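Summary of the model geometry
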Amino acid sequence: MTAAVALTVGAAATVLLLDTPETVEAATSEDLVTATPFPGAPAPGSAPASPPAPSAPAPSATPSATPTPGADYAVAYRAAELTSADAGYEFDLATGTVVPADSVTWYLGRGENEFLVPETADSYIGRDAALGVAECVKGLSSRPTGRVPFGAVGPRGAFCVRSADGRSLAVVRVLSTAGTEGPVRVSVDHYRRNG
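Residues numbered from 1 in each chain as written. Predicted model: local features only at pLDDT ≥ 70, side-chain atom pairs only at ≥ 80, totals over all residues. Heavy atoms only, no water.

1. So, unusual backbone geometry
For alanine 79, which is not glycine, the phi torsion reads 55° and is therefore positive. Looking at the secondary structure, you find alanine 79 in strand β1 (residues 73–84). Unlike most non-glycine residues, arginine 156 shows phi in positive territory, near 65°. Topologically, arginine 156 is positioned in the loop between α4 (150–153) and β8 (158–162). (Helix = DSSP H or I, 4+ residues; strand = E, 2+ residues; numbered from the N terminus.)

Written out as structure tokens, the structure reads:
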């Protein structure tokens, strides 16, 4: 390869020495002498080959977003309307049924003026009946409560209860409370964590 380059450079120098400065300036690209390229040599007039630039990873089509709180919970059942006639009954949150008091581990019971949740469970009182899973998850992380008084929830209010293992979440909407001895009615939505 160096011999071919030397010959090409030498030929060009000879042409320049034999021509006058006026004819060199007047020469156009068609007038230039070109050498026949040998295999692997760059074509005349082309830029020398350079190694390919490393390719940068393509930008992601969608920016990574923070997942919505509660997005990993799926519906187990919805709108189970339950009535507890008195303190002898409680709501089984896992099955959406009314059962005798003290018969299940994840429940919603009732005291004189409050809802009773297991000591191992977390609860959160929402702003209104539109309480959803995302707000529950946020509220349980920032403002959990161990007590759910009837007065704090209010008529047509809502709260949520998370199981001790964190895999189940119940959104409870209060339909009616009748004080210490009357029936309590609720509507329960139960969600299970995926995975």
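2. Brief notes about the environment of proline 149
Mapped onto the fold, proline 149 is located in strand β7 (residues 148–149). The partly exposed category is assigned to proline 149, whose relative accessible area is 25%. A sequence separation of 24 residues divides proline 149 from isoleucine 125, and the C-alpha atoms of the two residues are 9.5 Å apart. Residues in contact with proline 149, not counting those within four places in the same chain, are Asn113, Glu114 and Ile125. (Buried < 20%, exposed > 50% of the residue type's maximum accessible area, 1.4 Å probe, protein only. Contact = heavy atoms within 4.5 Å.)

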